Each structure stands twice: as structure tokens, then as C-alpha cells.
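The primary structure of each chain is shown beneath.
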Amino acid sequence: KDPARIEGYHAHVYYDAQSRAAGERLRRAVGERFAAVLGRWHDEPVGPHPISMYQIAFAPEEFARIVPFLMLNREGLRILVHPETGNGYRDHAINALWLGEPVKLKLEVLSGER
């Protein structure tokens, strides 16, 4: 498969009441350092994400800068990084990488060929 099909990336940063402050610090740091779009805080489950999270969207050119930063600065937060190829199921379930312990996603809500 051709990586040129990747239109962008999403990093989903998961948090709870105890780790929200760490999520705020990471969000602020990413916003100050990188060309990324910071999504809204979702304190309730949304889509395939069963727990609180926010999204960081970024271009393929930013991957080599943002992902290592997330690796070293996540303060124990769980982060899903996945490509945007147009197939939501494959992007979240098969083509993704996890920083920290994976979260069991509700994959049945995603469309796309499996």
C-alpha cells in the first residue's frame, strides 16, 4: 500500500479526571510548538472513543516531529495515532499505533472495508 495515500494524521489523547491536567499541559505544548489543529475536549464518549479524549490533527510532514514529542511528553496519557486514508475502520483498528496502554475502541461504529 502506498503511504502517499495518507492525507493526514490524528492523535487522540485520552484522559480522565485525574489525568486531565496532564492532558492540558500536553495540549498547550503541542499548540505552541507545532502546526496542528487541536480538536475540542470530549468529556463524554464520542464515535469509537469510549472515554474522554481530544484530537490533534496534523499533516504527514509533521509526523516525524509531533509523534516523538508525544512519546516523550505524554506523562502517562494513552494516545492513539492513526493515518487518515479514507477508511475509518482500518485507520483506527489496523493502521494505528498506540503510545501507552491501548483503549478498547468501539470499532463497530466505524465504516469502511475491513
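Just above, that's the structure.
Quick look at the structure, then. (Residues numbered from 1 in each chain as written. Predicted model: local features only at pLDDT ≥ 70, side-chain atom pairs only at ≥ 80, totals over all residues. Heavy atoms only, no water.)

### Regarding the layout of surface pockets
- Of the voids in this model, the largest pocket is the one considered here, and its volume is about 220 Å³.
- Taken together, 12 residues line the largest pocket, and the ones lying closest to its centre are Lys-1, Asp-2, Arg-5, Thr-85 and Asn-95.
- Looking at the lining of the largest pocket residue by residue, the classes come out as 3 nonpolar, 3 polar and 6 charged. (1 Å grid on protein atoms, 1.4 Å probe; cavity = no way out; pocket = protein on both sides within 12 Å on 5 of 7 lines; lining within 4 Å. Points joined across faces, edges and corners; volume = space filled by probe spheres on them. Nonpolar A, V, L, I, M, F, W, Y, C, P; charged D, E, K, R; others polar.)

### A word on the pattern of salt bridges
- For the structure shown, the criterion picks out 4 salt bridges.
- Linked by salt bridges that have partners in common, Arg-20, Glu-24 and Asp-43 make up one network. (Salt bridge = Lys/Arg side-chain N within 4 Å of Asp/Glu carboxyl O.)

### So, the nonpolar core
- Core analysis: the biggest nonpolar cluster contains 20 residues, and Leu-26, Ile-56, Phe-58, Leu-70 and Ile-79 have the highest contact counts within it.
- Contributions of two or more residues to this core are made by strand S1 (8–14), helix H1 (20–33), strand S3 (53–58), helix H2 (63–73) and strand S4 (78–84).
- Setting aside chain neighbours within four positions, we find Leu-70 in contact with Ala-11, Leu-26, Val-30, Ile-56, Ile-79 and Leu-99.
- Grouped together as the second largest cluster of nonpolar side chains are 5 residues, Tyr-14, Met-53, Leu-80 and Leu-105 included. (Core = buried A, V, L, I, M, F, W, Y, C linked by side-chain atoms within 4.5 Å. Buried < 20%, exposed > 50% of the residue type's maximum accessible area, 1.4 Å probe, protein only. Helix = DSSP H or I, 4+ residues; strand = E, 2+ residues; numbered from the N terminus. Contact = heavy atoms within 4.5 Å.)

### Some details on the packing of H1 against H2
- Where H1 meets H2, the axes come as close as 11 Å, and the angle between the chain directions of the two elements is 155 degrees. Looking at the two axes, H1 sits roughly antiparallel to H2. Taken as a pair, H1 and H2 cross one another with a handedness that is right-handed. On H2, the residues that touch Leu-26, Ala-29, Val-30 and Arg-33 of H1 are Arg-65, Phe-69, Leu-70 and Asn-73.
- Each residue belonging to the contact of H1 with H2 can be placed in one class, and the counts come to 5 nonpolar, 1 polar and 2 charged. (Axes fitted to C-alpha atoms, helices over the stretch in contact; angles between N-to-C directions. Parallel < 35°, antiparallel > 145°, perpendicular 65-115°, else oblique. Left-handed = near helix turned anticlockwise from the far one by under 90°.)

### So, the packing of aromatic side chains
- Tallied over the full model, the rule gives 7 aromatic pairs.
- For the ring pair Tyr-15 and Trp-41, a centre distance of 5.0 Å and an interplane angle of 80 degrees mean the geometry is edge-to-face. Pair noted here: Tyr-15 is in the loop between S1 and H1 and Trp-41 is in the loop between strand S2 (36–38) and S3, with a separation of 26 residues, a long-range link.
- Among the residues examined, Tyr-15 registers a relative accessible area of 4% and is labelled buried. (Phe/Tyr/Trp six-rings, centres within 6.5 Å; stacked < 30°, edge-to-face > 60°.)

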